[in-house]
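One-letter residues, chain by chain:
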Amino acid sequence: MPDQQQRRVRLRLARQTPSPARVRARVRDSTQNSDTASERKRIPWIHVGTVIGVVAGVGSLVFTGIATYYGAVTAQEQLAQAREDSEQQQRNQASRMAFWEEDAGRLEDEALHLVNRSADPVTNIDVRLAVTYLGVGVHVNVALARFS
């Protein structure tokens, strides 16, 4: 019988003219869809913030990848330039070596003089001599470990 009592209360309230003091809030059924026009138009700021964060993360990864690629290319170019400079420096140092032969008139008294005109010490010198005596050629290889 509680349903009849609630029905009587509702009928009594419905017969009365509603005034602002007597208006009750509407009770929504849980079975009805609660999407109203204002709820559908609301912007989900949490989702928007998440999407912006993801886009910023992807952008920073792309930028980091491009910067890393160009950094590696620059490092390779610098390494190639350093190799070329090293080879050029070795050629310059080798061109500053001078030698002359001193002839005293006899074969036993001949001398070979090597002179280093660069400020840097020279290492690993190979001296190759070709001597011809009575039509027979003799090749002599001499390796000097350090020469300054």
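Report on the accompanying structure.

Reading guide: rules and limits
- Residues numbered from 1 in each chain as written.
- Predicted model: local features only at pLDDT ≥ 70, side-chain atom pairs only at ≥ 80, totals over all residues.
- Heavy atoms only, no water.
- Helix = DSSP H or I, 4+ residues; strand = E, 2+ residues; numbered from the N terminus.
- Contact = heavy atoms within 4.5 Å.
- Areas by Shrake-Rupley, 256 points an atom, 1.4 Å probe, with all protein chains shown as cover.
- 1 Å grid on protein atoms, 1.4 Å probe; cavity = no way out; pocket = protein on both sides within 12 Å on 5 of 7 lines; lining within 4 Å.
- Points joined across faces, edges and corners; volume = space filled by probe spheres on them.
- Nonpolar A, V, L, I, M, F, W, Y, C, P; charged D, E, K, R; others polar.
- Patch = residues over 30% accessible without salt bridge, like charges linked within 9 Å, V, L, I, M, F, W, Y side chains within 5 Å.
- Salt bridge = Lys/Arg side-chain N within 4 Å of Asp/Glu carboxyl O.
- Lys, Arg positive; Asp, Glu negative; His and termini not counted.
- Charge placed at Lys NZ, Arg CZ, Asp CG, Glu CD.
- Buried < 20%, exposed > 50% of the residue type's maximum accessible area, 1.4 Å probe, protein only.
- Phe/Tyr/Trp six-rings, centres within 6.5 Å; stacked < 30°, edge-to-face > 60°.

## Brief notes about the overall build of the protein
What the protein contains, in helices and strands, is 3 helices and 4 strands. Listing each helix as α and each strand as β along the protein from the N terminus yields α-α-α-β-β-β-β. Taking as baseline every contact in the protein between residues at least 6 positions apart, the subset at least 24 positions apart corresponds to 24%. Working note: accessible area of the protein is about 13,800 Å², and carbon and sulfur atoms make up 56% of it.

## Some details on the layout of surface pockets
Estimated volume of the largest pocket: approximately 320 Å³. Around the largest pocket sit 16 residues that line it, and Ala94, Met97, Val122, Asn124 and Ile125 are the ones nearest its centre. Every element with two or more residues in the lining of the largest pocket is listed here: helix 3 (45–95), strand 1 (97–102), strand 2 (111–116) and strand 3 (122–133). Looking at which element gives the most residues to the lining of the largest pocket, the answer is strand 3, with 7 residues. Per-class residue counts for the lining of the largest pocket are 11 nonpolar, 4 polar and 1 charged.

## A word on a negative patch on the surface
A cluster of acidic residues, Glu101, Glu102, Asp103 and Glu110, forms a negative patch at the surface. Considering the arrangement of structural elements, one finds Asp103 in the loop between strand 1 and strand 2. You can call Asp103 exposed: its relative accessible area is 55%.

## Notes on the packing of aromatic side chains
The final tally for this structure, using the stated rule, is 1 aromatic pair. Seen in terms of ring centroids, Tyr69 and Tyr70 are 5.3 Å apart; in terms of plane orientation they differ by 70°. Their pairing is edge-to-face. Taken individually, Tyr69 and Tyr70 each receive the classification exposed, so the pair is uniform in this respect.

## Here's the deal with a nonpolar patch on the surface
Together, Val54, Val58, Val62, Ile66, Tyr69 and Tyr70 make up an exposed nonpolar region whose accessible area comes to about 630 Å². Relative to the assigned elements, Val58 resides in helix 3. For Val58, a relative accessible area of 48% gives the class partly exposed.

## With respect to the environment of Arg96
If you trace the backbone, Arg96 turns up in the loop between helix 3 and strand 1. Between the alpha carbons of Arg96 and Ala119 there is a distance of 9.7 Å; along the sequence they are 23 residues apart. Beyond its immediate sequence surroundings of up to four residues, Arg96 is in contact with Val115, Asn116, Arg117 and Ser118.

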